[in-house]
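For reference, the chains in residue letters:
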Amino acid sequence: MADAAPALSTFVRPRWLTAPVVIGGFIAAFWIIVALTVQWWPIDDPILSVGMRLAPPDGAHWIGTDRLGRDVLARTLHGAQYSLPIALAVIASAVAIGATLGAVGGFLGGAADAVVMRLVDITLSFPAILLAMAVTASMGPSLRNATIAMIIVWWPNYARLMRAQVLAVKEREHVEAAVAAGAGGARVLVKHILPLCWSPVLINATMDFGQVVLLAASLSFIGLGASPPTPEWGQMISEGARNFYQWWIAFGPGMAILSVALGFNFLGDGLRDILDPRTQ
């Protein structure tokens, strides 16, 4: 026991293990578990009427009911099954497309880099929400088309970020040594450059997760995403706007979007402290 006390006293909490990171991790884990398991929870059906119309919060319905008598809390929890997978699909696809094009353009330079960057400039010249609205409207309102539109909006961010990283890393000595040793271009890019470029991309992807959830909700809010009776957060807030004085209808999905955005922003800050040695 005498030896245990000094050992315990020398424990140092990691610098990145802060209260926001813990809170963000808890929030993200909660919503991920909800999205994966809510269909088995003993809660009200999110589609069927279960009570009085526009009933305020009470013991039976903690966040009240909507204009069709559906439980707002149940619909909010089931909404995670739509919003989170959409955000994951958008982020994963945008990273795959953007990082690939940005890495190839930055490494090859010349015409390839010029083509990629002109596509990036053209896409980023439009406000994200307006471009997403235009693309979704041209293909027809649906969650699938909204997801495609958001991928088109989001990939240029990762292309520009990955290109900047590749341009910085490919000038380092170990890359020049690999080229002098006879390594091919593809091997140099994959083995010697890309492993040092992923940290900012992963951090940015984590912090963008909440922004994608918000954009998806915005498209559904204006009628270009989910359609009734889908319990998607943006569509629920749109219904709450039509019943302004029944504040509880929009309260549940609004708090869900807020918590997801804050949670993943906190996680992104913690991930940056872990992966960026300059913060240590």
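One can find the structure itself at the top, above this paragraph.
None of these values were measured; they are calculated from a predicted model. (Residues numbered from 1 in each chain as written. Predicted model: local features only at pLDDT ≥ 70, side-chain atom pairs only at ≥ 80, totals over all residues. Heavy atoms only, no water.)

A. Representation of the pattern of salt bridges. Taken as a whole, this structure holds seven salt bridges when the rule is applied. We note a salt bridge from R163 to D113, for which the minimum N-O separation is 2.6 Å. Note that R163 is positioned in helix α6 (residues 143-169) and D113 in helix α4 (residues 110-124), a separation of 50 residues in sequence. One salt-bridge network, in which partners are shared between bridges, spans D66, R67, R70, R75 and E239. (Salt bridge = Lys/Arg side-chain N within 4 Å of Asp/Glu carboxyl O. Helix = DSSP H or I, 4+ residues; strand = E, 2+ residues; numbered from the N terminus.)

B. View of helix α2 (residues 19-37). An ideal rise of 1.5 Å per residue puts 27 Å on 19 residues; α2 measures up with 27 Å between its terminal C-alpha atoms. Taken as a whole, α2 has its buried residues at V21, G24, I27, A28, W31, V34 and A35. All buried residues of α2 lie within an arc of 165° about the axis, which places them on one face of the element. Counted as exposed and oriented over 90 degrees from the buried face of α2: F26 and L36. Tucked into the core, α2 has its buried residues touching α3 (72-108), α10 (233-242) and α11 (248-275). (Expected span 1.5 Å × (residues − 1). Buried < 20%, exposed > 50% of the residue type's maximum accessible area, 1.4 Å probe, protein only. Arc of directions from axis to C-beta. Contact = heavy atoms within 4.5 Å.)

C. Geometry of the packing of aromatic side chains. Summed over the entire model, instances satisfying the criterion amount to six aromatic pairs. The interplanar angle of 25° and the centroid separation of 4.2 Å between the aromatic rings of F209 and F264 together place this pair among those described as stacked. Of the two residues, F209 is situated in helix α9 (residues 198-221) and F264 in helix α11; the sequence distance between them amounts to 55 residues. Across the pair, F264 and F209 agree in class, each one buried. Seen from their ring centres, W247 and W248 are 5.7 Å apart, and the 80° between their planes marks the pair as edge-to-face. Here a set of aromatic residues connected by ring pairs shows up, and it is made of F30, W31 and W233. (Phe/Tyr/Trp six-rings, centres within 6.5 Å; stacked < 30°, edge-to-face > 60°.)

D. Broad picture of the environment of G234. Within the secondary structure layout, G234 lies in helix α10. Expressed as a C-alpha distance, the spacing of G234 and S83, which sit 151 residues apart in the sequence, is 8.9 Å. Apart from residues no more than four positions distant in its own chain, G234 is found in contact with A217, S220 and F221.

E. Structural view of the packing of α6 against α9. At a closest axis distance of 10 Å, the pairing of α6 and α9 adopts a crossing angle of 155°. As far as their axial angle goes, α9 and α6 are roughly antiparallel. Every pair of crossing elements has a handedness; the one defined by α6 and α9 is right-handed. Taken together, the residues of α9 that come into contact with α6 (itself represented by L143, A146, M150, W154, Y158, L161, M162 and Q165) are W198, P200, V201, N204, A205, D208, Q211, V212, L215, A216, L219 and S220. Classifying every residue of the contact of α6 with α9 by side-chain character gives 15 nonpolar, four polar and one charged. (Axes fitted to C-alpha atoms, helices over the stretch in contact; angles between N-to-C directions. Parallel < 35°, antiparallel > 145°, perpendicular 65-115°, else oblique. Left-handed = near helix turned anticlockwise from the far one by under 90°. Nonpolar A, V, L, I, M, F, W, Y, C, P; charged D, E, K, R; others polar.)

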